[in-house]
Amino acid sequence: STTESLTQLQSRSGYFTRLRCRTAVALAADETMTLTLRKNGANTALACVQTNAQTSLDNDVVSFADGDLWNMLESCTNGTGAATKAFITMQFYPN
């Protein structure tokens, strides 16, 4: 989409792994938050699914070539809890 193209970053050759998601407070029991690494406008296997735990980790590996574009997709269910901050980290290893 046009909106997504405004938020994509260009990668060099290498791979992303160890996507870690953490929330400032635990989510309510009826809430989930999913953060997914996107490559060239498509979802990849590297994703954190956060439930009522405060931390989630995914060790899948996603390879990128020079010039590939990446960004993150966040999707949440609306539950009964209050809004909270989400923190993400992931590692990139250049080839």
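For the structure itself, look to the data block above.
### Side note on the sheet that holds strand E3 (residues 33-39)
For step 1, the next point in the chain: Spatial ordering of the open sheet is given by E1-E7-E3-E4, a layout of four strands whose pairing is antiparallel. Every other strand in the sheet has two partners, leaving strand E1 (9-10) and strand E4 (42-50) as the edge strands with one partner each.

### Focus: the packing of aromatic side chains
For step 1, the next point in the chain: Summed over the entire model, instances satisfying the criterion amount to four aromatic pairs.
For step 2, the next point in the chain: Judged by centre distance (5.1 Å) and plane angle (25°), the ring pair of Tyr 15 and Tyr 93 falls under stacked. On the criterion of sequence distance, the pair formed by Tyr 15 in strand E2 (residues 14-23) and Tyr 93 in strand E8 (residues 86-94) is long-range, its members being 78 residues apart.
For step 3, the next point in the chain: Taking the relative accessible area as the measure of exposure, Tyr 15 reaches 29% and is therefore partly exposed.
For step 4, the next point in the chain: Residue Tyr 93 is classed as partly exposed on the basis of its relative accessible area of 34%.
For step 5, the next point in the chain: Residues Phe 16 and Trp 70 carry aromatic rings whose centres are separated by 5.2 Å and whose planes lie at 55° to one another, so their mutual orientation is tilted. Of this pair, Phe 16 sits in strand E2 while Trp 70 is found in strand E7 (residues 69-76), placing the two residues 54 residues apart along the sequence. Comparing Phe 16 with Trp 70 shows no difference in burial state: the two are buried.
For step 6, the next point in the chain: In this structure an aromatic cluster arises from ring pairing among Phe 16, Phe 64, Trp 70 and Phe 92.

The rules behind the values
Residues numbered from 1 in each chain as written. Predicted model: local features only at pLDDT ≥ 70, side-chain atom pairs only at ≥ 80, totals over all residues. Heavy atoms only, no water. Pairing = 2+ DSSP bridges. Helix = DSSP H or I, 4+ residues; strand = E, 2+ residues; numbered from the N terminus. Phe/Tyr/Trp six-rings, centres within 6.5 Å; stacked < 30°, edge-to-face > 60°. Buried < 20%, exposed > 50% of the residue type's maximum accessible area, 1.4 Å probe, protein only.

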